[in-house]
Amino acid sequence: MSHGPSPTTRYPIPGVTRTAFLNTLITNPNIVVGDYTYYDDFENPENFERNVLYHFDFIGDKLIIGKFCSIASDVKFIMNGGNHRTDWFTNYPFPVFGQGWESVMPSEWPHKGDTAIGNDVWIGYGATLMPGVQVGDGAIIAAQSVVTKAVPPYAVVGGNPAQIIRYRFDEATIETLLTIQWWHWDIEKITRHLPAICGSDLQALQTAT
């Protein structure tokens, strides 16, 4: 029995080269992507890393993306290298230019931590995620949204700045789904129980063995 495409397949849809399993494309060790997460790009999915912006090696922040995520074309991640000091009287980064200006180099620049995307997250076309944002499992980010703060699990957010539009399920269902964590099952079990995963019968998912 087939258990879907291998997670190491670059182009999992036969004959389609605009959609790729993202972890086969990543070259930056500070970008970590789970199995089966795909990126679809209008031109070339190898564009993904170009859209991870201000991601400087010397800062060391990470972009972490879970399993089974769906990421649309032109999604952008702004990393901590794009931050300026806002507690100074100026926003201008004088010390980085040196030549006498390095005398005001701060001991640290603003750093909001790693950007972490959960599992089974759908990020719509052209969305932008700001530094250090945490996105919960099962969330949906609407097209062209600008995400500036944490997104709860199974929330649907949209706008600039992105706000919660609704939750996909009631609180009890969300709690159960976060307990089940089907995305961590082995792929044989996932394949066996696709009717439950791709359905709305919570009991069937709870009793899957």
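The notes below deal with the structure included here.

Thresholds, definitions, all that
- Residues numbered from 1 in each chain as written.
- Predicted model: local features only at pLDDT ≥ 70, side-chain atom pairs only at ≥ 80, totals over all residues.
- Heavy atoms only, no water.
- Helix = DSSP H or I, 4+ residues; strand = E, 2+ residues; numbered from the N terminus.
- Buried < 20%, exposed > 50% of the residue type's maximum accessible area, 1.4 Å probe, protein only.
- Contact = heavy atoms within 4.5 Å.
- Areas by Shrake-Rupley, 256 points an atom, 1.4 Å probe, with all protein chains shown as cover.
- Lys, Arg positive; Asp, Glu negative; His and termini not counted.
- Charge placed at Lys NZ, Arg CZ, Asp CG, Glu CD.
- Salt bridge = Lys/Arg side-chain N within 4 Å of Asp/Glu carboxyl O.
- Core = buried A, V, L, I, M, F, W, Y, C linked by side-chain atoms within 4.5 Å.
- 1 Å grid on protein atoms, 1.4 Å probe; cavity = no way out; pocket = protein on both sides within 12 Å on 5 of 7 lines; lining within 4 Å.
- Points joined across faces, edges and corners; volume = space filled by probe spheres on them.
- Nonpolar A, V, L, I, M, F, W, Y, C, P; charged D, E, K, R; others polar.
- Polar contact = N/O pair within 3.5 Å; in protein donor to acceptor, adjacent residues only side chain to side chain.
- Pairing = 2+ DSSP bridges.

Concerning the overall build of the protein chain
Okay, step 1: From N to C terminus, the protein chain includes four helices and 15 strands.
Okay, step 2: Each principal axis of the C-alpha atoms in the protein chain carries an extent, and together these give about 65 × 40 × 25 Å.
Okay, step 3: Burial statistics for the protein chain: of 209 residues in total, 44% are counted as buried.
Okay, step 4: Counting only contacts in the protein chain whose residues sit at least 6 apart along the sequence, the fraction spanning at least 24 positions is 43%.
Okay, step 5: Summed over all atoms, the accessible surface of the protein chain reaches about 11500 Å², with 54% contributed by carbon and sulfur.
Okay, step 6: Positive and negative charge centroids in the protein chain, built from 13 and 21 side chains respectively, lie 2 Å apart.

Quick word on the pattern of salt bridges
Okay, step 1: Inspection of every chain in the model, using the stated rule, returns three salt bridges.
Okay, step 2: For Glu-46, the salt bridge is made with Arg-10, and the minimal N-O distance between the two is 3.6 Å. Highlighted residues: Glu-46 in the loop between β3 (38–40) and β4 (52–53) and Arg-10 in the segment before β1 (19–21), separated in sequence by 36 residues.
Okay, step 3: Overall, Glu-46 belongs to the partly exposed group, its relative accessible area being 45%.
Okay, step 4: The partner of Asp-40 in a salt bridge is Arg-18, and the shortest N-O contact between them spans 2.5 Å. Here Arg-18 lies in the segment before β1 and Asp-40 lies in strand β3, a separation of 22 residues in the sequence.

Quick look at the nonpolar core
Okay, step 1: If you look at the biggest cluster of nonpolar residues, it comprises 30 residues, and the most contacted ones within it are Phe-48, Ile-65, Phe-77, Ile-123 and Leu-129.
Okay, step 2: Those residues within four positions of Leu-129 in sequence are excluded, and the remaining contacts are Val-75, Lys-76, Phe-77, Ile-78, Ile-117, Ile-123, Val-135, Ile-141 and Val-147.

Considerations on the environment of Leu-53
Okay, step 1: As for its position among the elements, Leu-53 is in strand β4.
Okay, step 2: Linking Leu-53 and Gly-82, residues 29 residues apart in sequence, is a C-alpha distance of 7.7 Å.
Okay, step 3: Setting aside residues no more than four positions away along its own chain, Leu-53 makes contact with Lys-76, Phe-77, Ile-78 and Met-79.

Details of the layout of surface pockets
Okay, step 1: For the largest pocket, the calculated volume is near 490 Å³.
Okay, step 2: Lining the largest pocket are 22 residues; nearest its centre among them are Tyr-36, Phe-68, Trp-182, Leu-194 and Cys-198.
Okay, step 3: Contributing elements (two or more residues each) for the lining of the largest pocket: α2 (187–192) and α3 (194–197).
Okay, step 4: Ranked by residue count, the leading element in the lining of the largest pocket is α2, at three residues.
Okay, step 5: Class assignment of the residues belonging to the lining of the largest pocket gives a composition of 16 nonpolar, four polar and two charged.

Quick word on the environment of Thr-90
Okay, step 1: Here Thr-90 lies in the loop between β7 (76–78) and β8 (115–117).
Okay, step 2: Relative accessible area serves as the criterion here: at 28%, Thr-90 is assigned to the partly exposed category.
Okay, step 3: Here the side chain of Thr-90 touches Tyr-92 through a polar contact of 2.9 Å, landing on its backbone nitrogen.

Section: the pairing of strand β14 (residues 155–159)
Okay, step 1: The element β14 is largely enclosed, with a buried count of four among its five residues.
Okay, step 2: Pairing of strand β12 (residues 140–141) with β14, which is carried by two bridges, proceeds in the parallel orientation. Bridging across to β14, Ile-140 finds its partner in Val-156.
Okay, step 3: The sheet contact formed by β14 and strand β15 (residues 162–167) spans five bridges and is antiparallel. Residue pairing across strands places Gly-159 opposite Ala-162, the latter belonging to β15.
Okay, step 4: Counting the residues between successive antiparallel strands, the hairpin from β14 to β15 contains two residues.

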